[in-house]
Amino acid sequence: MQNHESLLSDLSEHDRKIIFNLCTRCSVRPRTVIVRQGNSGRDMYIVVSGSLKVSVLSGEGKEITFVILREGDYFGELSLIDGRRRSATVTAIESSELWVLGHSEYELLLREHPHTATRFLTRLLLALANRMRATDELYQDAVFLDVSSRLAKFLLNASIEDKLSGQGQRRLDVRLSQYELGTMVNASRESVNKQLRDWEEQGIVDVDKGKITLLSPEHLQQIAQGRS
């Protein structure tokens, strides 16, 4: 069983076992839409492996991506609880494995394991509060930061340490198109493409077939803070 620290880390092994025994496991291929904005559905999902993106469409049809989900992340909890339509679309970026908690299983959890359910809901509420703070930060970034600062900040937050380089470099562990990057930082594909080319020429990043390596994270940190 995977270690879903981001949601269930405070639960006992007994509580985690109860919850996962109520889940089913499914595999999804790249570009598969798991839930779609505006559709009905009451399942909740926990990411076992892979990566997915959470996005919404504006009234004008513009896609905005809020976050990339990885192992231990989850989605669909709002519809699980209140039964309302999906507030966002979740699409697999790469092949992914998911645990699925259906609404009937959730009701079984409430009836037969009330103490576990209470602890589980407490974790959900705390995680939702953190998500609301993150959404507020995204809104502030869109208002106060320019495209280069937003892109630099996203690359830093979404990347992991490249231990093989031995030079303090970082890399994105998922392949994103420039369109997808644009939806992450509320910018056009052309703007993202131009900025990445400029940074490549300066030796700040390296882009190879969608794989992005941050050659100078320190420089990007300055850009993210509006200091360069």
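Criteria and cut-off values
Residues numbered from 1 in each chain as written. Predicted model: local features only at pLDDT ≥ 70, side-chain atom pairs only at ≥ 80, totals over all residues. Heavy atoms only, no water. Pairing = 2+ DSSP bridges. Helix = DSSP H or I, 4+ residues; strand = E, 2+ residues; numbered from the N terminus. Axes fitted to C-alpha atoms, helices over the stretch in contact; angles between N-to-C directions. Buried < 20%, exposed > 50% of the residue type's maximum accessible area, 1.4 Å probe, protein only. Arc of directions from axis to C-beta. Contact = heavy atoms within 4.5 Å. Phe/Tyr/Trp six-rings, centres within 6.5 Å; stacked < 30°, edge-to-face > 60°. Salt bridge = Lys/Arg side-chain N within 4 Å of Asp/Glu carboxyl O. Core = buried A, V, L, I, M, F, W, Y, C linked by side-chain atoms within 4.5 Å.

Engineer: What exactly am I supposed to notice about the sheet that holds strand β5 (residues 63–69) here?
Structural biologist: The strands making up a sheet associate through backbone hydrogen bonding, with each pair oriented either parallel or antiparallel. Spatially, four strands are ordered β2-β7-β4-β5 in an open sheet, and the strand pairing comes out antiparallel. With partners counted over all chains shown, the strands left at the sheet margins are β2 (33–35) and β5, one partner each. Direction aside, the axes of adjacent strands within the sheet are offset by 30° on average. In this structure, strand β4 (residues 52–57) lies alongside strand β7 (residues 89–92), joined through four bridges in antiparallel fashion. Paired with Ser-55 across the two strands is Thr-89, which belongs to β7.

Engineer: Sorry if this is basic, but what is going on with the side chain of Thr-91 here?
Structural biologist: The topology assignment puts Thr-91 in strand β7. Using a relative accessible area of 10% as the deciding quantity, one classes Thr-91 as buried.

Engineer: Before we go on, may I ask you to explain helix α4 (residues 103–112) in this structure?
Structural biologist: Of the residues making up α4, those classed as buried are His-103, Tyr-106 and Leu-109. The buried residues of α4 occupy an angular sector of 110° when the element is viewed end-on, so they sit on one face. Facing away from the buried surface of α4 by more than 90 degrees, the exposed residues are Arg-111 and Glu-112. In this structure, the buried residues of α4 make contact with α2 (13–21), α3 (77–82), β8 (96–101) and α5 (114–144).

Engineer: Teacher, can you tell me more about the packing of aromatic side chains here?
Structural biologist: Two descriptors summarise a pair of aromatic rings, namely the distance from one centre to the other and the angle between the planes of the rings. The full count for this structure, using the stated rule, is two aromatic pairs. With 5.4 Å between their ring centres and 50° between their planes, Phe-20 and Trp-99 make a pair best called tilted. On the criterion of sequence distance, the pair formed by Phe-20 in helix α2 and Trp-99 in strand β8 is long-range, its members being 79 residues apart. On the basis of relative accessibility, which here comes to 3%, the residue Phe-20 falls in the buried class. With a centroid separation of 4.8 Å and an interplanar angle of 10°, the aromatic rings of Tyr-45 and Phe-75 are classed as stacked. Highlighted residues: Tyr-45 in strand β3 (residues 44–49) and Phe-75 in strand β6 (residues 74–75), separated in sequence by 30 residues.

Engineer: When you look at the sheet that holds strand β12 (residues 211–214) in this model, what are you seeing that I'm missing?
Structural biologist: One open sheet holds the four strands; their spatial order is β9-β10-β12-β11, and the pairing between them is antiparallel. With one partner strand each, in any of the chains shown, β9 (159–161) and β11 (205–208) form the two edges of the open sheet. On average, adjacent strands in this sheet sit at an angle of 25° to one another, irrespective of strand direction. Two elements, β11 and β12, share four bridges in a ladder whose sense is antiparallel. Looking at β12, one finds that Val-207 is bridged to Ile-212.

Engineer: I keep staring at the pattern of salt bridges and nothing clicks. Help me out?
Structural biologist: A side chain with one charge can pair with a side chain of the opposite charge if their charged atoms come near. Within this structure, the stated rule accounts for 13 salt bridges. Linking Arg-25 and Glu-97 is a salt bridge whose minimum nitrogen-to-oxygen distance equals 3.4 Å. With Arg-25 in strand β1 (residues 24–28) and Glu-97 in strand β8, this residue pair connects regions lying 72 residues apart in the sequence. For Arg-25, a relative accessible area of 47% translates into the label partly exposed. Residue classification places Glu-97 among the partly exposed residues on the basis of a relative accessible area of 22%. Measuring nitrogen to oxygen at the nearest pair gives 3.3 Å for the salt bridge that ties Glu-190 to Arg-189.

Engineer: Sorry, what's going on with the nonpolar core here?
Structural biologist: Note on soluble globular proteins: their nonpolar side chains tend to be buried together. One finds Phe-154, Leu-155, Leu-176, Leu-181, Leu-196, Trp-199 and Leu-220 to be the most contacted residues of the largest nonpolar core, which totals 25 residues. Looking at this core, the elements with two or more residues in it are α6 (147–158), α7 (178–185), α8 (189–201), β12 and α9 (217–224). Ranked by the residues each element gives to this core, the list is headed by α6, at six residues. Not counting the four nearest positions on each side in its chain, Leu-220 is found in contact with Ala-152, Leu-156, Trp-199, Ile-204, Val-205 and Leu-214. Counting 21 residues, the second largest nonpolar core, distinct from the first, contains Leu-8, Val-48, Leu-109 and Phe-120.

Worth remembering: the numbers are spatial, not functional.
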